[in-house]
Amino acid sequence: MITLTNLSKIFRTELIETHALRDVTLQVNEGEFAALTGPSGSGKSTLLNILGTLESFDSGDYLLDGKSIKGLSDAALSQLRNEKIGFIFQSFNLIKDFSIYDNIELPLRYRGLKAAERKQRIEQALELVGLHARRDYLPAQLSGGQQQRVAIARAIAGRPRILLADEPTGNLDSLMARQVMELLEQINQQGCTILMVTHDPDQARRAGRNIQIIDGQLHDSTMYEPLATQSA
Amino acid sequence: MEQFIYYLKVSLLSIKRAPLPYALTVFILSVGLGVFFANATFYYQLNSDPLPGKSDKLFFPMTLTPYDCNDCRPPRILSYSNVQKLAASDIPSAQAAMYSSDGYARLTIDQPPTPVVIRITQRDFFQMFDVPLLHGSVWPDDNGHHQVILSRPMALKLFGRTAVVGESLLLDDRNFRIIGVLDEWQMLPRLYDANGRNHLTANEDIFLPLETGYDLNYLSKTNSQTFDDTDYRQLATEGRVGALHQLQYWVQLDTAAQQEDYQQYMQSLAEDEKAAGRHPAPINNQLVPMLGIVDYFGDDPGDIKAFALVTLLFLVVCLFNASHLALNRYLSNQYEFSLRRALGASRSQLQLQMLADVLLMTVFSLLGALFIGYAGVSLMNALLPQNSLFSTWDLTLITALILAAFTCSYLVTLYPSLRASFGSLNQQLKE
Ligand SMILES: Nc1ncnc2c1ncn2[C@@H]1O[C@H](COP(=O)(O)OP(=O)(O)O)[C@@H](O)[C@H]1O
Ligand SMILES: [Mg+2]
């Protein structure tokens, strides 16, 4: 469902050019659970942000469900992001003065869903992450692990087909990290494609596929069909 | 709609997050707008058309220059005999000569006298300048009559009531019958009195027929000129024949044809006078329209204009400051923009959020500005009482002020929020 061909990304500042990604070619199929590993600064977050259409790229192409995202308008990209993609961040990124419920509601608001539909989806997501009783709490009243589960609930409330997680357990202790991993696996089993950046070799092993990035270049340990044989 | 209420709620929440910087932003904006409002009030009233629909039909004819000069204007005040020459024309639909003087009024000789300003004029004056009569009528003709017309406040002051037609009063201890009382009336700016800054002052208290004013030796209290050494304090005997210039003269010319005819009439008149040796200067006739009169005589209050400019600059400075504060506020919330983008908000959705911010900012700064503007107007009235005539707020002005507040709030919010929403998206979310 995701196809990257010779994709490159260069960050330019006044002083330097950083080649964050060089000639990345990658194919991710529906339902995969892939771990992205690599040293710090190797381009993992950049890759994830490009996959999430939060960041543009300089050359190459990105096909999502067979369609290039090049040249799509802001509104189209936003809609695509809203409907197909869920984000989870290392630092949770919950809005501090919104209740748990209101935080999860955000992406549904932007989709323009009716109140009843929103409510039903939020409750379902809360149920899944096991925080139904805390729906009116503020984020600060929850533990880190619980906050990350709220963030997961927010990411999946819109029923995306792809979940992009950037070191989701980076700020958590091992017990909470395991709970979050189990949750992600459960979500993956329901059919959601997951790409997760991680530093934890155990987690990487538990994922079905391990993609390594070093210095902006991909070293995929898993077999996939070379693009040359695919129809364009 | 439901969605917009949600945006408003989000705006309020983000204000609650850091109320102090927000209050400061609103305060700065309120001060800038308030000072601007206070001044705009004066400026607006000063430049408004006092007789919409009619002002373009009223003209101030300038002709008959009794002195020798090159390239100079005819005098802005006329002698009695020159007014007679102009008044001989029947081209204008209405015409009136006028001047103002001071006096004292009372009802009986044992009362303390009240100082009054007298407008000494002719009957067409009331019709030309749409002066509303509450009781009675104006003089039957332009002859002398011991009859006066009172302004409403003067009637109330002297009698305690307005229905006083038929009563008498003493004006400089001479007996006059009251034949009319005006309704509430304040022409602003009072352009018929094109003399220095008279157009910024209040209307007169008592109206006296022109002939009676001359008979009783009332001299102009503002502007008069003589071109010989006659003693014009004897107005009754000398004023009508000699070269005492003290009359302002207005004509009503309804159509372009009338105006052209009148120009022609002034030309013939000036040529006749020249032939008779009474017009040594080159002919330089002017038919000045009422709305142009202040500019024409250069009586434009330059200080008010300069002050308007200063308050406008002050507003701009306030805008910069408020915008700077708002930028800090948005930058500290920037991760939230990025987050909303990541969750699928389009730029136009973020801009709706921004519009909610603008509306709230408008409401708050407008309230502050109205308060400060009101205080500013009150202060100016206390310092410059003659300006108090110009401190009323009407619907047009209020609407303009609301628009100004919205525009300023928009400007203050626009740049910061655009910078925040178009900034690098992912940067804030990474760590
Ligand atoms: N917005 C940016 N501007 C400039 N350089 C950037 C930006 N984002 C990332 N980089 C650079 O790109 C490289 C890859 O960064 P990143 O994708 O965050 O790495 P990782 O997530 O693997 O640690 C780094 O050298 C980083 O400094
Ligand atoms: Mg990273």
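Residues numbered from 1 in each chain as written. Chains lettered and ligands numbered in written order. Predicted model: local features only at pLDDT ≥ 70, side-chain atom pairs only at ≥ 80, totals over all residues. Heavy atoms only, no water.

As annotated in an unreviewed UniProt entry, chain B carries the name ABC transporter permease and is attributed to Aliidiomarina soli. Listed in UniProt under the heading Subcellular location (unreviewed entry), the comment for chain B reads: "Cell membrane". (UniProt positions renumbered as here; feature names shortened; annotations may be inferred.)

As named in an unreviewed UniProt entry, chain A is ABC transporter ATP-binding protein, taken from Aliidiomarina soli. For chain A, the Sequence similarities (unreviewed entry) comment in UniProt is given as "Belongs to the ABC transporter superfamily. Macrolide exporter (TC 3.A.1.122) family."

How should I be thinking about a nonpolar patch on the surface in this particular structure?
All names here are of chain B. Together, Leu12, Val363, Phe364 and Leu367 line one region of the surface with nonpolar side chains, adding up to about 350 Å² of accessible area. For the nonpolar patch, the element with the most residues is helix H12 (residues 347-383), which contributes 3 residues. The topology assignment puts Leu367 in helix H12. According to the relative accessible area criterion, Leu367 is exposed, its value standing at 54%. (Patch = residues over 30% accessible without salt bridge, like charges linked within 9 Å, V, L, I, M, F, W, Y side chains within 5 Å. Areas by Shrake-Rupley, 256 points an atom, 1.4 Å probe, with all protein chains shown as cover. Salt bridge = Lys/Arg side-chain N within 4 Å of Asp/Glu carboxyl O. Helix = DSSP H or I, 4+ residues; strand = E, 2+ residues; numbered from the N terminus. Buried < 20%, exposed > 50% of the residue type's maximum accessible area, 1.4 Å probe, protein only.)

I'm lost on the packing of helix H1 (residues 2-17) of chain B against H12 of chain B in this one. Help?
Pairs of packed helices are described in terms of their axes, by the angle between the two and the distance that separates them. Residues and elements named next belong to chain B. Remark: H1 packs on H12, axes separated minimally by 9 Å, with the N-to-C direction vectors making an angle of 65°. In terms of crossing hand, the pair formed by H1 and H12 is right-handed. Every residue of H12 that contacts H1 at Phe4, Tyr7, Leu8, Val10, Ser11, Leu12 and Ile15 is listed here: Gln349, Leu352, Gln353, Leu355, Ala356, Asp357, Leu359, Leu360 and Phe364. (Axes fitted to C-alpha atoms, helices over the stretch in contact; angles between N-to-C directions. Left-handed = near helix turned anticlockwise from the far one by under 90°. Contact = heavy atoms within 4.5 Å.)

Looking at this structure, how should I read the domain arrangement of chain B?
A common way to report how large an interface is uses the accessible area buried once the components associate. Taken as a whole, chain B is organised into domain 1 (2-49 + 301-430) and domain 2 (64-284). Placing the centre of domain 1 of chain B and that of domain 2 of chain B at their C-alpha centroids yields a distance of 49 Å. (Domains from an automatic or database assignment.)

Sorry if this is basic, but what is going on with the UniProt feature "domain: MacB-like periplasmic core" (unreviewed entry) in chain B here?
UniProt feature "domain: MacB-like periplasmic core" (unreviewed entry): in the numbering of this structure it lies at residues 23-267 of chain B. Helix makes up 28% of residues 23-267 of chain B and strand makes up 26%, while its end C-alpha atoms are separated by 66 Å.

I tried to follow helix H5 (residues 144-157) of chain A on my own but got confused; where do I start?
Every α-helix carries 3.6 residues per turn, so stepping three or four residues along brings you back to the same face. All names here are of chain A. With 14 residues, H5 should cover 20 Å at 1.5 Å per step; its first-to-last C-alpha distance of 20 Å lies within 8% of that length. Of all 14 residues making up H5, 13 are buried, and the element is well covered by its neighbours. The first or second residue beyond H5 is Arg159, which carries a positive phi of 50°. (Expected span 1.5 Å × (residues − 1).)

Whenever I open this one, the packing of aromatic side chains confuses me. Can you help?
Centre-to-centre distance and the angle between the planes together describe a pair of aromatic rings. Residue and element names in this part refer to chain B. Within the structure shown, the criterion is met by 22 aromatic pairs over all chains. Aromatic pair Tyr99 and Tyr214: ring centres 5.8 Å apart, planes at 85°, arrangement edge-to-face. Note that Tyr99 is positioned in strand E3 (residues 94-106) and Tyr214 in helix H6 (residues 210-215), a separation of 115 residues in sequence. Summarising the aromatic geometry, the rings of Tyr262 and Tyr265 are spaced 5.9 Å apart at their centres and angled 35° between planes, so their arrangement reads as tilted. In this pair, Tyr262 and Tyr265 both sit in helix H8 (residues 256-275), 3 residues apart, roughly one turn of the helix. The buried category is assigned to Tyr262, whose relative accessible area is 0%. (Phe/Tyr/Trp six-rings, centres within 6.5 Å; stacked < 30°, edge-to-face > 60°.)

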